[in-house]
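The chain contents come next:
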Amino acid sequence: MVKAVVLLSGGLDSATVLAIARQQGYECYALSVSYGQRHSAELAAAKNLAHSLGAAAHKVIQVDLSTFGGSALIDKEREIPTDGITPGIPSTYVPARNTIMLSLALAWAEVLGSGDIFIGVNAIDYSGYPDCRPEYIEAFETMANIATKAGTEGARLTIHAPLMNLSKAEIIKRGCVLGVDYSMTVSCYQADDAGLACGVCDSCRLRRAGFESANVPDVTRYHAGFRQATAP
C-alpha cells in the first residue's frame, strides 16, 4: 500500500479525511499536534479515531504555540466567541497553525518515503481562516516540492484536501457512507475534559448546522446545560 500522512485533529473534518484516505487505498499514518489548545479532549478523540479508522500508526507532536498567544484557542485570558459567526477572521484563528502542522507532516512523509499528505481544510463551511483556502494549499505544495530532498530528486509530493469544496452537510454524508462514528469526534473550541461540547462556539454551530442540513441525527455529545437549554 502507498503510504500517506493524515493530519488528525480529532474533529469531524479530519476524521472524515482519514476515512477517505483509507477508502482510496492508502496506508495511513495519522499525525496530531498538541499546540497548546485549551483542552486535550480532541487529542484523546484523535487517538481513538486513529484506531477505529485503521491508521497504521498515530503520533502526537508537542508544539506549544501558547508561548506566542495571539488566539482565543491558546490564550485562556481571551474569550471564545459564542455570539455566532461574523465576517472577517475570528479570534480563534491560530497564527501559522496549518503551516506548522503541514511542515511536521511533511517531515514525517519524507522519512516514510511518502508523497502524499492529507488535511481536512475546507473553504465553504468554515470560520474564515486564511490557511484553509485553495491558494494556500497550492502554495504550500509548491514550497514542499522545492524545499525537500525528495522534491529535488524528482519525487512529487501532493497535499490532498478532499473536503475543500464540500459543505459541512456533504462532508457528514460522505463520512457516514465511509462508516465514521461522529460521536467519537470532538470539534468544540471549549470542550470539557470529557469531550462534551458547548454547543455555541463557531465550530459547534457549523457542525450542528451540517447535521441538520444533511438530515442526519446529531450525535455530538453536548454538556448538560446546552442540552437543557435546547430541549423541546
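As annotated in an unreviewed UniProt entry, the chain is 7-cyano-7-deazaguanine synthase from Nitrosospira multiformis. Note on the chain: under the UniProt heading Catalytic activity (unreviewed entry), the record states "7-carboxy-7-carbaguanine + NH4(+) + 2 ATP = 7-cyano-7-carbaguanine + 2 AMP + 2 diphosphate + 2 H(+)". One UniProt comment on the chain, placed under Pathway (unreviewed entry), says "Purine metabolism; 7-cyano-7-deazaguanine biosynthesis."

Engineer: What's the story with the pattern of salt bridges in this structure? I'm lost.
Structural biologist: Evaluated as defined, the whole model comprises four salt bridges. For arginine 133, the salt bridge is made with glutamate 135, and the minimal N-O distance between the two is 3.5 Å. Put simply, arginine 156 and glutamate 141 hold a salt bridge, and the shortest N to O gap is 2.9 Å. Here glutamate 141 lies in helix α4 (residues 134-147) and arginine 156 lies in the loop between α5 (149-152) and β5 (158-160), a separation of 15 residues in the sequence. Here arginine 156 falls in the exposed class, since its relative accessible area comes to 54%.

Engineer: Looking at this model, I keep getting lost on the pairing of strand β3 (residues 57-62). Mind explaining?
Structural biologist: In summary, the side chains of a regular strand alternate between the two faces of the sheet. Of the strand pairs in this sheet, strand β2 (residues 27-34) and β3 are connected by six bridges, and their pairing is parallel. By the bridge assignment for β3, leucine 31 is matched with lysine 59. This β-α-β element, β2 to helix α2 (residues 41-52) to β3, shows right-handed connectivity.

Engineer: What is the right way to look at the UniProt feature "binding site: Zn(2+)" (unreviewed entry) in the chain in this model?
Structural biologist: Summarizing the sequence annotation, UniProt attributes the feature "binding site: Zn(2+)" (unreviewed entry) to Cys188, Cys198, Cys201 and Cys204 in the numbering used throughout. Across 17 residues, the annotated set stays spatially compact, with a maximum C-alpha separation of 7.2 Å. For cysteine 198, the location among the structural elements is in the loop between α6 (168-177) and α7 (202-214). Excluding anything up to four places from it in sequence, cysteine 198 contacts Cys188, Gln190, Cys204, His223 and Phe226. Among the structural elements, cysteine 204 can be located in helix α7.

Conventions adopted
- Residues numbered from 1 in each chain as written.
- Predicted model: local features only at pLDDT ≥ 70, side-chain atom pairs only at ≥ 80, totals over all residues.
- Heavy atoms only, no water.
- UniProt positions renumbered as here; feature names shortened; annotations may be inferred.
- Salt bridge = Lys/Arg side-chain N within 4 Å of Asp/Glu carboxyl O.
- Helix = DSSP H or I, 4+ residues; strand = E, 2+ residues; numbered from the N terminus.
- Buried < 20%, exposed > 50% of the residue type's maximum accessible area, 1.4 Å probe, protein only.
- Pairing = 2+ DSSP bridges.
- Right-handed = clockwise from strand over helix to strand, strands pointing away.
- Contact = heavy atoms within 4.5 Å.

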